[in-house]
Amino acid sequence: MKIAVLPGDGIGPEIIAQGVRVLKALEKDGLKFELEYAPVGGAGYEAAGDPLPDATLKLAKAADAILFGSVGDWKYDTLPRAKRPEQAILRLRKELALFANLRPAMVFPELAGASSLRAEFVAGLDVMILRELTGDIYFGEPRGIRILPNGEREGFNTMRYSESEVRRIVRAGFVIAMKRVKRLCSVDKMNVLETSELWREVAIEVAKEFPAVTLTHMYIDNAAMQLLRNPKQFDVIVTGNMFGDILSDEASMLTGSIGMLPSASLDANNKGLFEPIHGSAPDIAGKGVANPLATIMSVSMMLRYTFNLDAAADRIDNAVKKVLAQGYRTADIFESGMQRVGTTGMGDAVIAAL
Ligand code: NAD
């Protein structure tokens with residue numbers, strides 16, 4: 001199993017170091033990971049004048065999976081857009097055709113107090129949002145701002161999805177549902193949009209390949225409301241790029257702790273890029289206080305979704321549950337009475353629990 005390790009900037013190298021320790025700990029069970037490191041983001045710019053240096057892209061293409069830390073620092077904000085660290089992640093998604101974005105929103109019972117919703121609504125929440133990442137209104141042509149005959153300006157974008165684009169993301173949704181409790185909710189706006197009409201038709205067709213999975217449909221406006229009203233009704237949600245953009249951010253905030261959320265972006269062969277959803281946190285970089293759990297759970301997603309090692313992934317997830325139950329907390333999730341640890345201390349606790 002070849003893994004390209006791209007730590008990036010800010011807290012990236014600190015949290016990635018803990019993710020790598022967890023991988024190494026699993027090698028005791030006979031798993032073998034070949035890790036190769038490369039600079040990305042600001043580190044790529046410093047090393048080669050490019051946030052995604054050619055050698056880094058080549059390594060990412062050759063690997064089976066990519067473990068990505070985080071990129072960005074305020075000091076690069078004045079660079080031309082193409083040279084800014086954040087371009088690296090956008091280019092990687094495009095170059096590697098990573099069309100499926102998986103964002104779990106989980107609330108460990110011990111952390112339910114951090115949510116903006118009352119604890120009883122979110123304790124034990126475990127929703128997986130699958131967002132299509134390379135199509136929809138964000139990429140559809142024609143687009144632009146034009147002058148109308150009456151002289152006023154008009155902005156316009158085009159929402160479009162081809163049948164094959166819908167089929168592959170919905171199919172990915174069913175595959176994920178099969179790994180969980182076999183429930184899939186497809187979110188669309190079929191009552192108003194032809195794009196959604198096709199989306200729903202294709203979803204119903206694909207469902208025939210997965211008779212074990214229960215497929216339901218929901219309009220986006222209702223889904224946004226239901227996520228706040230009763231989020232635990234959902235298991236896997238699959239939706240388009242724009243609806244998924246909004247729903248996945250909404251869902252992540254139900255958890256209230258940005259240092260706890262992993263993510264994955266997969267291609268058609270389940271090769272993926274795995275990263276915490278948070279950024280490079282320049283305000284705490286180098287202090288040894290960043291929470292590494294989102295990265296450690298990104299490692300778990302890598303084992304589950306790219307390498308099909310569900311048992312090893314379960315071990316990591318259970319180890320994370322255990323350290324939280326034992327009371328270990330980094331500063332971002334600290335409450336009085338708990339055991340405060342730094343980045344390495346949290347890594348130690350997870351490895352001990354493994
Ligand atoms: P951020 O996610 O880096 O930080 C937001 C807040 O959350 C900060 O107070 C930070 O200290 C805290 N935080 C984030 N991760 C944490 C962790 N693991 N443990 C403890 N606390 C944590 O977002 P930002 O401050 O808006 O952006 C900082 C930089 O990160 C910017 O340059 C931005 O462009 C970049 N960014 C990168 C990615 C990515 O690499 N995919 C994603 C988002 C933002």
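Residues numbered from 1 in each chain as written. Predicted model: local features only at pLDDT ≥ 70, side-chain atom pairs only at ≥ 80, totals over all residues. Heavy atoms only, no water.

**Q** In this structure, what is going on with the nonpolar core? I would like to understand it.
**A** In a soluble, globular protein the nonpolar side chains are often hidden away together inside. Residues Leu 102, Leu 293 and Leu 303 are the most contacted members of the largest nonpolar core, which totals 62 residues. The element that contributes the greatest number of residues to this core is helix H10 (residues 293-305), accounting for eight residues. Taken domain by domain, this core gets at least three of its residues from each of domain 1 (1-115 + 260-354) and domain 2 (121-135 + 161-255). Non-local contacts of Leu 293, meaning those with residues more than four positions away in its chain, are made with Gly 259, Met 260, Val 320, Leu 324, Met 346 and Val 350. Formed by 20 residues, the second largest nonpolar core is a distinct cluster that contains Ala 112, Val 187, Leu 227 and Leu 254. (Core = buried A, V, L, I, M, F, W, Y, C linked by side-chain atoms within 4.5 Å. Buried < 20%, exposed > 50% of the residue type's maximum accessible area, 1.4 Å probe, protein only. Helix = DSSP H or I, 4+ residues; strand = E, 2+ residues; numbered from the N terminus. Domains from an automatic or database assignment. Contact = heavy atoms within 4.5 Å.)

**Q** Could you clarify how one ought to interpret the site of the ligand in this entry?
**A** What surrounds the ligand is a group of 19 residues, the closest being Glu 86, Gly 279, Ala 281, Asp 283 and Asn 291. Measuring from a nitrogen atom of the ligand, one finds a side-chain N or O atom of His 278 at 3.1 Å. Side-chain polar atom of Asp 283 to an oxygen atom of the ligand: 2.9 Å apart, as the coordinates give it. Considered on its own, the ligand offers 810 Å² of accessible surface; in the complex 70% of this is hidden by protein. Counted by class, the shell around the ligand contains seven nonpolar, seven polar and five charged residues. (Near = heavy atom within 4 Å. Polar contact = N/O pair within 3.5 Å; in protein donor to acceptor, adjacent residues only side chain to side chain. Areas by Shrake-Rupley, 256 points an atom, 1.4 Å probe, with all protein chains shown as cover. Nonpolar A, V, L, I, M, F, W, Y, C, P; charged D, E, K, R; others polar.)

**Q** Looking at this structure, how should I read the environment of Ser 248?
**A** Relative to the helices and strands, Ser 248 is located in helix H9 (residues 241-255). Residue class for Ser 248 comes out buried when judged on its relative accessible area of 3%. Through-space distance from the C-alpha of Ser 248 to that of Asp 77 is 26 Å; in sequence the pair is 171 residues apart. Apart from the residues within four sequence positions on either side, Ser 248 is in contact with Arg 103 and Ile 129.

**Q** Would you explain the layout of surface pockets in this entry?
**A** In this approach the atoms are scanned with a rolling probe the size of a water molecule, which exposes any empty space left behind. Size it by volume and the largest pocket reaches roughly 760 Å³. As for the largest pocket, its lining consists of 35 residues, of which Glu 86, Ile 89, Leu 90, Arg 93 and Glu 275 are closest to the centre. Of all the secondary structure elements, the ones that give two or more residues to the lining of the largest pocket are strand E3 (65-70), helix H4 (87-95), strand E4 (100-106), H9 and strand E12 (272-276). Among the elements that make up the lining of the largest pocket, the one with the highest residue count is H4 (six residues). In terms of residue class, the lining of the largest pocket is made up of 13 nonpolar, 11 polar and 11 charged. Each of two domains, domain 1 (1-115 + 260-354) and domain 2 (121-135 + 161-255), supplies a minimum of three residues to the lining of the largest pocket. In this structure, the second largest pocket occupies an estimated 480 Å³ of space. Lining the second largest pocket we find 21 residues, and of these Met 106, Asp 126, Arg 180, Asp 317 and Lys 321 sit closest to its centre. Only E4, strand E5 (126-132), H10 and helix H11 (310-325) provide two or more residues apiece to the lining of the second largest pocket. (1 Å grid on protein atoms, 1.4 Å probe; cavity = no way out; pocket = protein on both sides within 12 Å on 5 of 7 lines; lining within 4 Å. Points joined across faces, edges and corners; volume = space filled by probe spheres on them.)

**Q** What is the right way to read the packing of aromatic side chains from this model?
**A** Any pair of aromatic rings gets described here by the distance separating the centres and the angle formed by the planes. Scanning all chains against the criterion turns up three aromatic pairs. Look at Tyr 45 and Tyr 76: their rings are 6.0 Å apart centre to centre, the planes differ by 75 degrees, and that puts the pair in the edge-to-face class. Of this pair, Tyr 45 sits in helix H2 (residues 42-48) while Tyr 76 is found in the loop between E3 and H4, placing the two residues 31 residues apart along the sequence. The class of Tyr 45 is partly exposed, set by a relative accessible area of 27%. Judged by its relative accessible area of 7%, Tyr 76 is buried. Ring centres of Phe 174 and Phe 210 lie 5.0 Å apart, and the angle between their planes is 10 degrees; this geometry places the pair in the stacked category. Taken as a pair, Phe 174 in helix H6 (residues 163-179) and Phe 210 in the loop between helix H7 (194-207) and strand E9 (214-219) lie far apart in primary sequence, 36 residues in all. No difference in accessibility class separates Phe 174 from Phe 210, as the two residues are buried. Between Arg 146 and the ring centre of Phe 156, over which it is positioned, the NZ or CZ distance is 3.9 Å. Seen from the ring of Phe 334, Arg 340 lies directly overhead, with NZ or CZ sitting 4.2 Å from the centre. (Phe/Tyr/Trp six-rings, centres within 6.5 Å; stacked < 30°, edge-to-face > 60°. Lys NZ or Arg CZ within 6 Å of the ring centre and 35° of its normal.)

**Q** What is the right way to read the domain arrangement of the chain from this model?
**A** The figure often quoted for interface size is the accessible area lost as the parts come together. The assigned domain composition of the chain is domain 1 (1-115 + 260-354) and domain 2 (121-135 + 161-255). Each of domain 1 and domain 2 has a C-alpha centre, and the two are 25 Å apart. Taken together, the contact between domain 1 and domain 2 spans 23 residues of the former and 24 residues of the latter. Taken over both partners, the interface formed by domain 1 and domain 2 buries close to 2,100 Å², and the fraction arising from carbon and sulfur atoms is 61%. Looking at the side of domain 1 facing domain 2, the largest losses of area belong to Phe 99, Arg 103 and Val 107, adding up to 34% of the total buried there. (Buried area = accessible area lost by both parts, 1.4 Å probe.)

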